[in-house]
Amino acid sequence: MFTHDGSSDKPDTRSRVLAATRKLMDERGVARVRVDAVAKEAGLSAGALYRHFSGREELILAVILDSVPRSMGFEGAPSAGPEVVREALAAVIEQVYEHERRMAAVAVTVLADETLSERFRDMLEHAPGGPEDFTRALATSLHSYADAGVVRADLAPEAAAALVQGRCFHHAVMDRLHGPRPELGTPGQVVSEVVALLRSGAGARRE
């Protein structure tokens, strides 16, 4: 998981400050997050907080970076019956959707403020790993499911991974903008749709 690079704060203090910032972001929105309010929520003085974070922008960016996983720890297709393998694939896509749902919220937060966007890009350049690690991990996982005969063998793993992420992200953004609507479908329906697409024409070696 990405973490803020270069901070000297102790782990317990850092976690308290990030938790307080995240809580206020959820309750008040990014525009209304203030250092003094975060310090109060975390049980610190503003001066103590400034010893660890330079200000409001750094607090917000640290929360965002802390919420972005480099990978999901995807595992290969299990050595089990076809139904178990199919259920495991669905669980992987559910993880992807949840990841993209969080990223939709991050995108709305960052893109709404150009200064925040520039700072975010700069911090991302200096953070270990990168967003592409997630896509590579998903591609490796999909490759193993193709080897198990559960995912179409003619799909290029990295292209398939990017398409899966794109579909999940698009739905998450639309759901966030418009709210739940029948024509958009539910997250569960999107997961089923993606699984069906990945499985369309898949081999029957595991059947």
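Parameters and conventions
Residues numbered from 1 in each chain as written. Predicted model: local features only at pLDDT ≥ 70, side-chain atom pairs only at ≥ 80, totals over all residues. Heavy atoms only, no water. Helix = DSSP H or I, 4+ residues; strand = E, 2+ residues; numbered from the N terminus. Buried < 20%, exposed > 50% of the residue type's maximum accessible area, 1.4 Å probe, protein only. Contact = heavy atoms within 4.5 Å. Areas by Shrake-Rupley, 256 points an atom, 1.4 Å probe, with all protein chains shown as cover. Expected span 1.5 Å × (residues − 1). 1 Å grid on protein atoms, 1.4 Å probe; cavity = no way out; pocket = protein on both sides within 12 Å on 5 of 7 lines; lining within 4 Å. Points joined across faces, edges and corners; volume = space filled by probe spheres on them. Nonpolar A, V, L, I, M, F, W, Y, C, P; charged D, E, K, R; others polar. Core = buried A, V, L, I, M, F, W, Y, C linked by side-chain atoms within 4.5 Å. Patch = residues over 30% accessible without salt bridge, like charges linked within 9 Å, V, L, I, M, F, W, Y side chains within 5 Å. Salt bridge = Lys/Arg side-chain N within 4 Å of Asp/Glu carboxyl O. Lys, Arg positive; Asp, Glu negative; His and termini not counted. Charge placed at Lys NZ, Arg CZ, Asp CG, Glu CD. Axes fitted to C-alpha atoms, helices over the stretch in contact; angles between N-to-C directions. Parallel < 35°, antiparallel > 145°, perpendicular 65-115°, else oblique.

S.K.: Break down the overall build of the chain for me, with residues and values.
M.R.: Summing up its helical and strand segments, the chain has nine helices and zero strands in all. From first element to last, N terminus to C terminus, the chain shows the α and β order α-α-α-α-α-α-α-α-α. Taken across its 207 residues, the chain has 41% of its residues classed as buried. Here the contacts in the chain between residues at least 6 apart in sequence split such that 73% fall between residues at least 24 apart. About 10,900 Å² of surface is accessible on the chain, with carbon and sulfur atoms providing 53% of the total.

S.K.: Describe in detail helix α7 (residues 132-147), supporting the description with residues and values.
M.R.: For α7, spanning 16 residues, the distance from its first C-alpha to its last is 23 Å, which sits close to the expected 22 Å at 1.5 Å a residue. Within α7, burial applies to D133, F134, T135, A137, L138, A139, S141, L142, S144, Y145 and A146. Directly after α7, the chain includes G149, whose backbone phi takes a positive value near 80°.

S.K.: Give me the lowdown on the layout of surface pockets, citing residues and values where you can.
M.R.: Of the voids in this model, the largest pocket is the one considered here, and its volume is about 530 Å³. Around the largest pocket, the lining is made up of 20 residues, and of these M25, D26, A105, T109 and R176 lie nearest the centre. Elements that contribute at least two residues to the lining of the largest pocket include exactly α1 (11-28), α4 (56-66) and α5 (82-111). Here the lining of the largest pocket gets six residues from one element, more than from any other, and that element is α5. Broken down by class, the residue content of the lining of the largest pocket amounts to ten nonpolar, three polar and seven charged.

S.K.: I'd like to hear about the nonpolar core, residue by residue, with values.
M.R.: L89, I93, L138, Y145, V164 and L198 are the most contacted members of the largest nonpolar core, which totals 29 residues. When contributions to this core are tallied by element, the ones reaching two or more residues are α5, α7, α8 (157-178) and α9 (187-199). With eight residues, α5 is the largest single contributor of residues to this core. L138 has contacts with F74, V92, V96, A161, V164 and Q165, leaving out every residue within four places of it along the chain. In this structure, V17, A20, L24 and V63 belong to the second largest nonpolar core, which totals 27 residues.

S.K.: Give a detailed account of a positive patch on the surface, specifying residues and quantitative values.
M.R.: Taken together, the side chains of R28, R32, R34 and K40 present a region of like positive charge at the surface. The topology assignment puts R34 in the loop between α1 and α2 (35-42). Look at R34 and you get partly exposed, because its relative accessible area is 43%.

S.K.: Quick one: what's the story with α8, residue by residue and with numbers?
M.R.: Along its 22 residues, α8 runs 32 Å from first to last C-alpha, staying within 8% of the 32 Å computed at 1.5 Å per residue. Among the residues trailing α8, G179 stands out with phi positive, at a value near 80°.

S.K.: Provide a residue-level description of the packing of α5 against helix α6 (residues 114-126), including the pertinent values.
M.R.: At a minimum axis separation of 7 Å, α5 and α6 run at an interaxial angle of 120°. What the angle tells us is that α5 and α6 run oblique. Here α5 contributes T109, V110 and L111 to the contact with α6, which in turn contributes L116, S117 and F120. Partitioned by chemical class, the residues of the contact of α5 with α6 number four nonpolar, two polar and no charged.

S.K.: Summarise the pattern of salt bridges; cite the residues concerned and give the values.
M.R.: Under the criterion given, the structure shown has eleven salt bridges. Across the pair E41 and K23 runs a salt bridge whose closest N-O atoms are separated by 3.5 Å. One end of the pair, E41, is in helix α2; the other, K23, is in helix α1, and 18 residues separate them in sequence. Under the relative-accessibility criterion, E41 is labelled partly exposed at 37%. In this structure, E98 and R101 form a salt bridge, with 2.5 Å as the shortest nitrogen-oxygen distance.

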